[in-house]
Amino acid sequence: MTSKQRAYLKGLAMTMDPIFQIGKSSLTPEITQAVEEALEARELIKINVLKNCLDDEREIAQVLAERVHAQVVQVIGKKIVLYRPAKDAAKRKIVLPA
């Protein structure tokens, strides 16, 4: 992913609300599965890491991205933004700049 594409995705993510919260149980298989399904439906998602989560946000982002085969767009404070294009090209909602 180029810096231009990353900047475009960051701009899209600015107006989004987090759809998941990661708490003290950290990354569970249920959260991983839910994120997988959300990425397939939306392509770009924002996740909120709660204060009672003891793990590092960047570490959580990397592990989660590896598990769901996504890319970490950004981690700012307790917010994580992930992107994965839809498998079916006809269903893609986000078109990245070249």
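Residues numbered from 1 in each chain as written. Predicted model: local features only at pLDDT ≥ 70, side-chain atom pairs only at ≥ 80, totals over all residues. Heavy atoms only, no water.

J.: Looking at this structure, how should I read the overall build of the protein chain?
T.: Secondary structure summary: the protein chain contains 3 helices and 4 strands in total. Its C-alpha atoms give the protein chain a radius of gyration of 13 Å, within 12% of the compact-globule value 13 Å for 98 residues. On the principal axes, the C-alpha backbone points of the protein chain span a range of 40 × 25 × 20 Å. Long-range pairs, those at least 24 residues apart, make up 69% of the contacts in the protein chain between residues at least 6 apart in sequence. (Helix = DSSP H or I, 4+ residues; strand = E, 2+ residues; numbered from the N terminus. Rg over C-alpha atoms; globule rule 2.2 N^0.38 Å. Contact = heavy atoms within 4.5 Å.)

J.: Is there a simple way to think about the pairing of strand β3 (residues 71-76) in this case?
T.: Moving residue by residue along a regular strand, the side chains alternate between the two faces of the sheet. Across 5 bridges, the pairing between β3 and strand β4 (residues 79-83) is antiparallel. Within β4, the position partnered with isoleucine 76 by the bridge is lysine 79. (Pairing = 2+ DSSP bridges.)

J.: Help me understand the packing of helix α2 (residues 29-42) against helix α3 (residues 57-68), please; the structure alone is not making it clear to me.
T.: If you want to describe how two helices pack, look at the angle between their axes and the distance between the axes. Contact geometry of α2 with α3 gives a least axis separation of 10 Å together with a crossing angle of 65 degrees. For the element pair α2 / α3, the angle class is roughly perpendicular. The hand of the α2/α3 crossing is right-handed. Of the residues in α3, those touching α2 at Thr32, Val35, Glu36 and Leu39 are Leu64, Arg67 and Val68. Across the contact of α2 with α3, the residue classes break down as 4 nonpolar, 1 polar and 2 charged. (Axes fitted to C-alpha atoms, helices over the stretch in contact; angles between N-to-C directions. Parallel < 35°, antiparallel > 145°, perpendicular 65-115°, else oblique. Left-handed = near helix turned anticlockwise from the far one by under 90°. Nonpolar A, V, L, I, M, F, W, Y, C, P; charged D, E, K, R; others polar.)

J.: Got a minute to help me understand helix α1 (residues 3-14) in this structure?
T.: Think of an α-helix as 3.6 residues a turn; residues three or four steps apart then line up on the same face. Compared with an ideal rise of 1.5 Å per residue, which puts 12 residues at 16 Å, α1 spans 16 Å between its outermost C-alpha atoms and is within 8% of the ideal. Looking at α1, one finds that the buried residues are Gln5, Leu9 and Ala13. Taken end-on, α1 shows its buried residues confined to a sector of 75 degrees, consistent with a single buried face. For α1, the exposed residues set more than 90 degrees away from the buried face come down to Ser3, Lys4 and Met14. Elements that come into contact with the buried residues of α1 comprise β2 (44-49), β3 and β4. (Expected span 1.5 Å × (residues − 1). Buried < 20%, exposed > 50% of the residue type's maximum accessible area, 1.4 Å probe, protein only. Arc of directions from axis to C-beta.)

J.: Even after reading the chapter, I still don't get the nonpolar core, so can you show me in this structure?
T.: Most often, soluble globular proteins have nonpolar side chains that are buried together. Counting 21 residues, the largest nonpolar core has Val35, Ile45, Ile47, Ile80 and Leu82 as its most contacted members. Elements supplying a minimum of two residues to this core: β1 (20-22), α2, β2, α3, β3 and β4. In this view, valine 35 contacts Phe20, Ile45, Ile47, Leu64, Val68 and Leu82; residues no more than four positions away in its chain are not counted. Of all hydrophobic cores here, the second largest spans 8 residues; its members include Met16, Leu44, Val81 and Ile94. (Core = buried A, V, L, I, M, F, W, Y, C linked by side-chain atoms within 4.5 Å.)

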